[in-house]
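# An overview of the molecular structure
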Amino acid sequence: MKNFKLRVRIFFAFPTQPHALQEVVEAINNLNPGAVQTASGITQSQVGIQKLHEAAHSLQTIV
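The paragraphs below set out a description of the structure included in this document.

Procedures and definitions
- Residues numbered from 1 in each chain as written.
- Predicted model: local features only at pLDDT ≥ 70, side-chain atom pairs only at ≥ 80, totals over all residues.
- Heavy atoms only, no water.
- Helix = DSSP H or I, 4+ residues; strand = E, 2+ residues; numbered from the N terminus.
- Rg over C-alpha atoms; globule rule 2.2 N^0.38 Å.
- Buried < 20%, exposed > 50% of the residue type's maximum accessible area, 1.4 Å probe, protein only.
- Areas by Shrake-Rupley, 256 points an atom, 1.4 Å probe, with all protein chains shown as cover.
- Patch = residues over 30% accessible without salt bridge, like charges linked within 9 Å, V, L, I, M, F, W, Y side chains within 5 Å.
- Salt bridge = Lys/Arg side-chain N within 4 Å of Asp/Glu carboxyl O.
- Expected span 1.5 Å × (residues − 1).

Moving on: the overall build of the protein chain. In terms of regular secondary structure, the protein chain is built from two helices and zero strands. Relative to a compact globule of 63 residues, whose C-alpha radius of gyration would be 11 Å, the protein chain shows 27 Å and is clearly more extended. Expressed as a percentage of the 63 residues in the protein chain, the buried residues total 0%. Total accessible area computed for the protein chain in this model is approximately 6100 Å², and 67% of it derives from carbon and sulfur atoms.

Okay, structure coming up:
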């Protein structure tokens with residue numbers, strides 16, 4: 001009987017699965033631009049840090 005109830009629940013939930021899957025795909029697509037911006041920001045930070053290291057090294061040689 002428990003197995004039957006589970007099958008009935010799955011059967012009635014089946015029509016909503018494509019809609020739920022579409023929502024997941026849309027959510028992932030909405031996250032992608034943010035991930036690209038984050039990666040770009042990290043790259044810019046790395047460049048800035050490298051320039052700071054170079055400036056610090058230059059100041060050490062002067063002093």
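Quick look at a nonpolar patch on the surface now. Together, Leu21, Val24, Val25 and Ile28 line one region of the surface with nonpolar side chains, adding up to about 340 Å² of accessible area. Looking at where Val25 falls in the secondary structure, it is placed in helix H2 (residues 17–62).

Let us look at helix H1 (residues 2–13). The first and last C-alpha atoms of H1 sit 17 Å apart over twelve residues, in line with the 16 Å expected at 1.5 Å per residue. Taking burial as the measure, the twelve residues of H1 include zero buried ones, a minor fraction of the element.

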